Amino acid sequence: MAALALLLIFAIILLGTLLFKGCDREQKPVDTVTVTEEVTEERFKEPSDWVMLDAYLSESFNVKYVNFKKFASYGKVLSYNERLQAFDTEAYYADWGRLFPYFEGKTFNDNQLAALKRYGLWCGLAGFERSPICQKLQNGEEVLASDLAVVYTAEGKEREYSQKSNKKHARKYAWVIMNIFDGNITIEEVLDYPVKSFEKLAVEDMYDAEGNYIFNQELKAKLREENGNRTTREVLGL
């Protein structure tokens, strides 16, 4: 009888342990930095991730041309909803949709996809199609953060900058996109950074002698420091 009671107690303890572990597993947040999903047309065309990253990098709306005509919203500081409306009403997808076939069926997490979409528009559609990243996507090769370091022109050449200040800005810009791609900085974190806070970082602190990007918590902390600008969240009215 005593043995049966002990067995019953043991069974209750075991059941309680399993239930606790099950609850704990359900309460853990989804890791959006490492979880990858297939890129569908709906996911690719959904603009919220790109809107948030673009607002941080540029503050003003940064799509310059659509169908070879100047985008009416280019250069304007718009709220989140106004930016989404611009995507819907100004035929933006007519151009952007050209790149979807290169991404279809590939797997990226949300931050990687946001970085790649921002990079695509930085190169320009024709420039992206001539970039090594596009070639990798077509060949089924792995895309690396370092592939986002250089911008390409429609002729397939690296973009050159006539002014030293523009070249520095481009390297800083690329540093942000590469860190987003690698998950060192997330889109959610960018919302709480003052817009363009990356500009105050020194290029010498962002890259090593071989040109590889450097990331550490000290640099990340500087991105959160005030620079006189509103946060991305405030600019977007979120």
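Below: a short report on this structure.

The rules behind each value
Residues numbered from 1 in each chain as written. Predicted model: local features only at pLDDT ≥ 70, side-chain atom pairs only at ≥ 80, totals over all residues. Heavy atoms only, no water. Helix = DSSP H or I, 4+ residues; strand = E, 2+ residues; numbered from the N terminus. Contact = heavy atoms within 4.5 Å. Salt bridge = Lys/Arg side-chain N within 4 Å of Asp/Glu carboxyl O. Buried < 20%, exposed > 50% of the residue type's maximum accessible area, 1.4 Å probe, protein only. Disulfide = S-S within 2.5 Å.

### Focus: the environment of Lys76
Within the element layout of this structure, Lys76 appears in the loop between strand 3 (69–70) and helix 4 (80–89). Considered as a pair, Lys76 and Ser60 are 16 residues apart in the sequence and their alpha carbons are 5.0 Å apart. Not counting chain neighbours up to four residues away, the residues in contact with Lys76 comprise Ser60 and Phe61.

### A look at the pattern of salt bridges
Summed over all chains, the structure comprises 10 salt bridges. For Arg233, the salt bridge is made with Glu188, and the minimal N-O distance between the two is 3.9 Å. Highlighted residues: Arg233 in helix 14 (residues 232–236) and Glu188 in helix 11 (residues 187–190), separated in sequence by 45 residues. Classification of Glu188 as exposed rests on a relative accessible area of 52%. Here Lys200 and Glu225 are joined by a salt bridge, their closest N and O atoms 3.5 Å apart. On the criterion of sequence distance, the pair formed by Lys200 in the loop between helix 11 and helix 12 (203–206) and Glu225 in the loop between helix 13 (217–223) and helix 14 is long-range, its members being 25 residues apart. Assessed through its relative accessible area of 42%, Glu225 is described here as partly exposed. Each of the salt bridges in this network shares a partner with another, and the network as a whole consists of Glu188, Asp192 and Arg233.

### What to know about the state of the cysteines
Counting across every chain of the model gives 0 disulfides. Here Cys123 stays free of any disulfide, with the sulfur of Cys134 as its closest cysteine sulfur at 9.9 Å. The buried category is assigned to Cys123, whose relative accessible area is 7%.

### A closer look at the environment of Trp96
Here Trp96 shows up in helix 5 (residues 92–96). It is 8.8 Å that separates the C-alpha atoms of Trp96 and Val66, two residues lying 30 residues apart in sequence. In this structure, Trp96 is in contact with Phe44, Lys117, Gly120, Leu121 and Leu125, ignoring residues within four places of it in sequence.

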